[in-house]
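Residues per chain, in single letters:
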Amino acid sequence: MPQIIKDGAIVEDRWQWLDAEALAAQQALPEGAVIVPLAYWQAHRDSLKARGDVAVCLEPGEEPVALADDLADLPMVAIHFPAFKDGRGYSYARELRTRYGFKGEIRALGDVLRDQLFYLQRVGFNAFVIRADRDIHDALNGLKDFSVTYQGDVHDPRPIYRRH
Amino acid sequence: MYVYRPHDKQLLNERVAQFRDQTRRFLDGQLSNDEFLPLRLQNGLYIQRYAPMLRVSVPYGMLSSTQLRMLGRIAREWDKGYAHVSTRQNIQYNWPDLEDVPDILAALAEVEMHAIQTSGNCIRNVTTDEFAGINAAEIEDPRPWCEIIRQWATFNPEFAYLPRKFKIAVNAVPDADPALIGVHDIGVQIVHRGGETGFQVLAGGGLGRTPMVGEVIGDFVPWPHLLSYLEAILRVYNKYGNRDNKYKARIKILVKALGAEKFRALTEAEFAELKDGPMTLTAEEVDVMRGHFSEPAYDPSLTNRPAALEQALASNKAFNRWFHTNVTAHRQPGYAAVTLTLKKTGRAPGDLTDEEFDAVADLADQFSFAEARTTHQQNIVLGDVRQDQLFPLWEKLDALGFATPNLKLLTDMIACPGGDFCSLANAKSIPIAEAIQRHFDDMDYLHDLGPIDVNISGCMNACGHHHIGHIGILGVDKKGREYYQITLGGRGDKVSKIGEKLGPSFDADQVVPVIARLVDLYVEQRKPGELFIDTYERLGIEPFKERAYATDH
């Protein structure tokens, strides 16, 4: 089973991610935990909700507001980074946690690398599928780059001058 | 200046360790060029024409003498013996080796300095009036607000991968724009209205390829909500800024495309959610931040224009001239701010050698409470000099070659490093600056001309702020040859205003004769008391255009 980083540790992972292209090649949605595109979710919302093991992946440009009414039924929202330099997903994760109070898993998919993990976890991601050609054990170190932070984040909204 | 606390220092040390490891992984081949790029940029490191360029952050332009000496030491040990003051008041080294940069950052951290977010698509160093805290015209010291913003912006996890770079400036002077807030991505004007402190927030200003002055987005943001409001703007930009075309990625393009109304509506919607949340500032917190700024131990018994100063002014003509150009009034009676112009003929504007760093540090120790400031006009200021010490200071500056009485005059030019150093440049800027300095070397004539801002950029990125020069010079490339386009009427003094193109560009050897013709026209046409920019605004561009392209001159 593939490994991911989740809640600060390396764990085995059962989720299968199908993007629009992969999904089009399938006859039907496979059994087991599966991550689907937003458009597919919106088209089959009711049947997918009933399954309970379906998550949605947001692409850049697809904002969390599209899932506002569905979050209670979603175990996970994944956010895809086609390129790590596209920072829109950071705001999406932050909104999911602080605006919508989403408590489920937020998973980073795609171009996910060690040197972005510290920021990603601070805006609300708790699961990371590290790019396949990189060492996941090395990437784990990226969560611990800093012990000091100035501004608040989703874990502790207080800025440093309010944390006594 | 801002006094570091243990956690500030620890953060820097952790940053150095992080970048040391990133550099090691890059050199080992574990990080690709593309992956390393934003990491090094957010540590101030560009790969330039001949070598990397390292940009060191100087918050609010404030430097202690200890820091000045370290900057000199770095120039000596890791560079070619000099460094460059940039138009955003930072310090740039043009010749470090990539392998040495972690050691340079560690040396900087020893003196509470860094290169954090001095480049890359993130929130850059926050800037303000170079005379902040000593300017009699400011309604309050803007630096504690700047520091509140800086700490919010430093390693802000949500805004490290923005569509493009992002610059914030703060101004506390009414009716003037010494911080150039009009041409920043966000400009913050501190205002007092009905006994309450608040901020007029502009967004979408900027120079570069598409110069524009920012739009007022928040007319009066009460002070507790400063960070919530900025965060709202940044979130709108992070979500909707253009990411497909880097030339259309600055916030100014988004504001223009949406229109100020729509941009404001989006900002207000985000702000409505953030307002009164955990980012809301309290009076106590702002006071604590004010307390982190040290105040020089001024002597309260001093008064303005002491006898020693009057005597020197009456007896020494050169000192008198320098006093009237390079000395600025101070809010504290008996003190003055002194500008050392770093515009020696034949040197890149804003360059300082390692020995000069040491010399300025010694002068700061002796005359200015061990502090100095960098300015966006690429000069150095000793901000807190006793007026009765101005003459002895001037004598020392004169010996060092820093007493050229040309502050704000035509030869006190702003110029980027240009094609001699920068890989982005289309044309050289330093030789143009030098040619202008050589031509206009008569100090009496320069003083007669009065203040004229000349700004030179080697390319559209406009690091030399050519759009806001009274005379702007832009290097352009046409089929492999360097030409120079001239703009007139830009302003970065009382207001921010984008200059107008004069017409077709000129050969390098035409730049000086053209400027001489423009200046001649001003001398012929000026009314008593009119500055170059006033005459230009009265006459409009046409007569200048006619004169510039006239062949019979």
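Computed from a predicted model, the values in this text were never measured in an experiment. (Residues numbered from 1 in each chain as written. Chains lettered and ligands numbered in written order. Predicted model: local features only at pLDDT ≥ 70, side-chain atom pairs only at ≥ 80, totals over all residues. Heavy atoms only, no water.)

**Student:** Explanation requested: the overall build of chain B in the structure shown.
**Tutor:** Across its full length, chain B carries 18 helices and 23 strands. For 553 residues, the compact-globule formula gives about 24 Å, and the C-alpha radius of gyration of chain B, at 23 Å, lands near that figure. Referenced to the eigenvectors of the C-alpha coordinate spread, the extents of chain B come out at roughly 60 × 60 × 55 Å. The buried share among the 553 residues of chain B stands at 63%. For chain B, restricting intrachain contacts to residue pairs at least 6 apart in sequence, the fraction spanning at least 24 positions comes to 68%. Accessible surface for chain B amounts to roughly 19,900 Å². Of this, 51% is attributable to carbon and sulfur atoms. (Helix = DSSP H or I, 4+ residues; strand = E, 2+ residues; numbered from the N terminus. Rg over C-alpha atoms; globule rule 2.2 N^0.38 Å. Buried < 20%, exposed > 50% of the residue type's maximum accessible area, 1.4 Å probe, protein only. Contact = heavy atoms within 4.5 Å. Areas by Shrake-Rupley, 256 points an atom, 1.4 Å probe, with all protein chains shown as cover.)

**Student:** Can you walk me through the nonpolar core in this structure?
**Tutor:** Proteins that are soluble and globular tend to have nonpolar side chains buried together. Judged by nonpolar contacts, the single largest core of 158 residues is most densely connected at Phe125(A), Phe128(A) and Trp152(B). Here this core takes nine residues from helix α6 (residues 226-240) of chain B, the largest share from any one element. Ignoring sequence-local partners within four residues, the contact set of Trp152(B) consists of Gln151(A), Ile123(B), Phe159(B), Ile168(B), Leu227(B), Leu230(B), Glu231(B), Leu234(B) and Met279(B). Ranked by size, the runner-up nonpolar core spans 36 residues in total, among them Tyr484(B), Val511(B), Ala516(B) and Ile533(B). (Core = buried A, V, L, I, M, F, W, Y, C linked by side-chain atoms within 4.5 Å.)

**Student:** Could you clarify how one ought to interpret the state of the cysteines in this entry?
**Tutor:** Chemically, a disulfide is nothing more than a covalent bond linking the sulfur atoms of two cysteines. Residue and element names in this part refer to chain B. Counting across every chain of the model gives zero disulfides over all chains. Here Cys 146 is not cross-linked by a disulfide; its sulfur's nearest cysteine counterpart is in Cys 122, at 17 Å. Residue Cys 146 is classed as buried on the basis of its relative accessible area, which comes to 0%. Here Cys 416 is not cross-linked by a disulfide; its sulfur's nearest cysteine counterpart is in Cys 463, at 6.0 Å. (Disulfide = S-S within 2.5 Å.)

**Student:** I keep staring at the side chain of Asp354(B) and nothing clicks. Help me out?
**Tutor:** Within the fold, Asp354(B) resides in helix α12 (residues 354-367). What makes Asp354(B) buried here is its relative accessible area of 11%.

**Student:** What is the right way to look at helix α5 (residues 143-153) of chain B in this model?
**Tutor:** Since the α-helix packs 3.6 residues into each turn, any two residues three or four apart lie on the same face. Residues and elements named next belong to chain B. Of all 11 residues that make up α5, 11 are buried, and the element is covered over most of its length. Those residues of α5 that fall on the buried side of the exposure criterion are Arg 143, Pro 144, Trp 145, Cys 146, Glu 147, Ile 148, Ile 149, Arg 150, Gln 151, Trp 152 and Ala 153. Just beyond α5, the residue with positive phi is Phe 155, at close to 55°.

**Student:** I keep staring at the packing of α5(B) against α6(B) and nothing clicks. Help me out?
**Tutor:** When two helices pack together, their arrangement is given by the angle between the helix axes and the distance between those axes. All names here are of chain B. Two numbers describe how α5 lies on α6: the axes approach to 11 Å, and their chain directions differ by 45°. Comparing their axes, α6 and α5 come out oblique. When the axes of α5 and α6 are compared, the crossing they make is right-handed. Contact residues: Trp 145, Ile 148, Ile 149 and Trp 152 in α5; Leu 226, Leu 227, Leu 230, Glu 231 and Leu 234 in α6. Of the residues contributing to the contact of α5 with α6, the split by class is eight nonpolar, no polar and one charged. (Axes fitted to C-alpha atoms, helices over the stretch in contact; angles between N-to-C directions. Parallel < 35°, antiparallel > 145°, perpendicular 65-115°, else oblique. Left-handed = near helix turned anticlockwise from the far one by under 90°. Nonpolar A, V, L, I, M, F, W, Y, C, P; charged D, E, K, R; others polar.)

**Student:** Just checking my understanding: could you explain the environment of Asp365(B) for this structure?
**Tutor:** All names here are of chain B. Note that Asp 365 resides in helix α12. Residues Asp 365 and Ser 65 lie 300 residues apart in sequence; the distance between their C-alpha atoms is 6.5 Å. Setting aside anything within four residues of it in sequence, one finds Asp 365 in contact with Ser 65, Arg 69 and Ala 370.

**Student:** Honestly, the sheet that holds strand β7 (residues 168-171) of chain B in this entry has me stumped. Any pointers?
**Tutor:** Consider a sheet: its strands pair through backbone hydrogen bonds, and that pairing is either parallel or antiparallel. Residue and element names in this part refer to chain B. Taken together, five strands build an open sheet; the order of strands is β6-β7-β8-β9-β10 and the sheet is mixed. Only two strands of the sheet have a single partner each, and these edge strands are β6 (127-128) and β10 (215-222). The pairing of β6 with β7 spans two bridges and is parallel. Paired with Thr 127 across the strands is Ala 169, a residue of β7. The sheet contacts of α5 involve β6, β7, β8 (186-193) and β9 (196-203), and relative to β7 the element is tilted by about 160°. Along the sheet face, helix α8 (residues 260-274) touches β9 and β10 and points at about 35° away from the line of β10. (Pairing = 2+ DSSP bridges.)

**Student:** Explain the sheet that holds strand β1 (residues 45-47) of chain B here, please?
**Tutor:** Residues and elements named next belong to chain B. Pairing is antiparallel in the open sheet, where five strands are placed in the order β1-β2-β5-β4-β13. The outermost strands of the open sheet, each flanked by one partner alone, are β1 and β13 (351-353). Strand-to-strand twist in this sheet, taken as the mean axis angle between neighbours without regard to direction, amounts to 30°. The pairing of β1 with strand β2 (residues 52-56) spans three bridges and is classified as antiparallel.

**Student:** Sorry, what's going on with the packing of aromatic side chains here?
**Tutor:** Where two aromatic rings form a pair, the distance of their centres and the angle of their planes describe that pair. Under the definition given, this model contains 29 aromatic pairs over all chains. For the ring pair Phe532(B) and Phe544(B), a centre distance of 5.8 Å and an interplane angle of 65° mean the geometry is edge-to-face. Remark: Phe544(B) occurs in helix α18 (residues 542-548) and Phe532(B) occurs in helix α17 (residues 532-539); sequence separation between them is 12 residues. Given the relative accessible area of 0%, Phe532(B) is considered buried. Pairwise contacts between aromatic rings join Phe81(A), Phe84(A), Tyr90(A), Phe125(A) and Tyr161(B) into one cluster. Sitting over the face of the ring of Trp95(B), Lys80(B) holds its NZ or CZ atom 3.7 Å from the ring centroid. (Phe/Tyr/Trp six-rings, centres within 6.5 Å; stacked < 30°, edge-to-face > 60°. Lys NZ or Arg CZ within 6 Å of the ring centre and 35° of its normal.)

**Student:** Any chance you could explain the interface of chain B and chain A here in plain terms?
**Tutor:** Interface size is commonly expressed as the accessible area that is lost once the parts come together. Across the boundary between the two partners, chain B contributes 44 residues, which contact 33 residues of chain A. Note on chain B versus chain A: buried area summed over both sides is about 3,600 Å², and carbon and sulfur give 50% of it. Together, Pro157(B), Tyr161(B) and Lys239(B) form the three largest contributors to the area buried by chain B at its contact with chain A, with a combined 20%. Where chain B touches chain A, the interface holds 12 salt bridges. (Buried area = accessible area lost by both parts, 1.4 Å probe. Salt bridge = Lys/Arg side-chain N within 4 Å of Asp/Glu carboxyl O.)

**Student:** Even after reading the chapter, I still don't get the pattern of salt bridges, so can you show me in this structure?
**Tutor:** Within this structure, the stated rule accounts for 66 salt bridges over all chains. Here Lys49(A) makes a salt bridge to Asp70(A), at a shortest N to O gap of 3.6 Å. Of this pair, Lys49(A) sits in helix α3 (residues 45-51) while Asp70(A) sits in the loop between β5 (54-58) and β6 (76-81), and the two are 21 residues apart along the sequence. One connected set of salt bridges, linked through shared partners, spans Glu63(A), Arg94(A), Glu95(A), Arg99(A), Glu158(B), Glu231(B), Arg235(B), Lys239(B), Glu270(B) and Glu273(B).

**Student:** For this particular structure, what's the right way to read the domain arrangement of chain B?
**Tutor:** Residue and element names in this part refer to chain B. The domain architecture assigned to chain B consists of domain 1 (6-110), domain 2 (142-291), domain 3 (307-400) and domain 4 (414-548). Each of domain 1 and domain 3 has a C-alpha centre, and the two are 28 Å apart. Between domain 1 and domain 3, the residue contacts involve 21 residues of the former and 23 residues of the latter. Counting each side, the surface lost to burial between domain 1 and domain 3 is near 1,900 Å², with a carbon and sulfur contribution of 54%. Three residues stand out in domain 1 for area buried against domain 3, namely Leu 68, Arg 69 and Val 85, and they jointly supply 30% of the buried area on that side. Linking domain 1 with domain 3 are four salt bridges. A salt bridge links Arg 76 to Asp 354; its shortest N-O distance comes to 3.2 Å. (Domains from an automatic or database assignment.)

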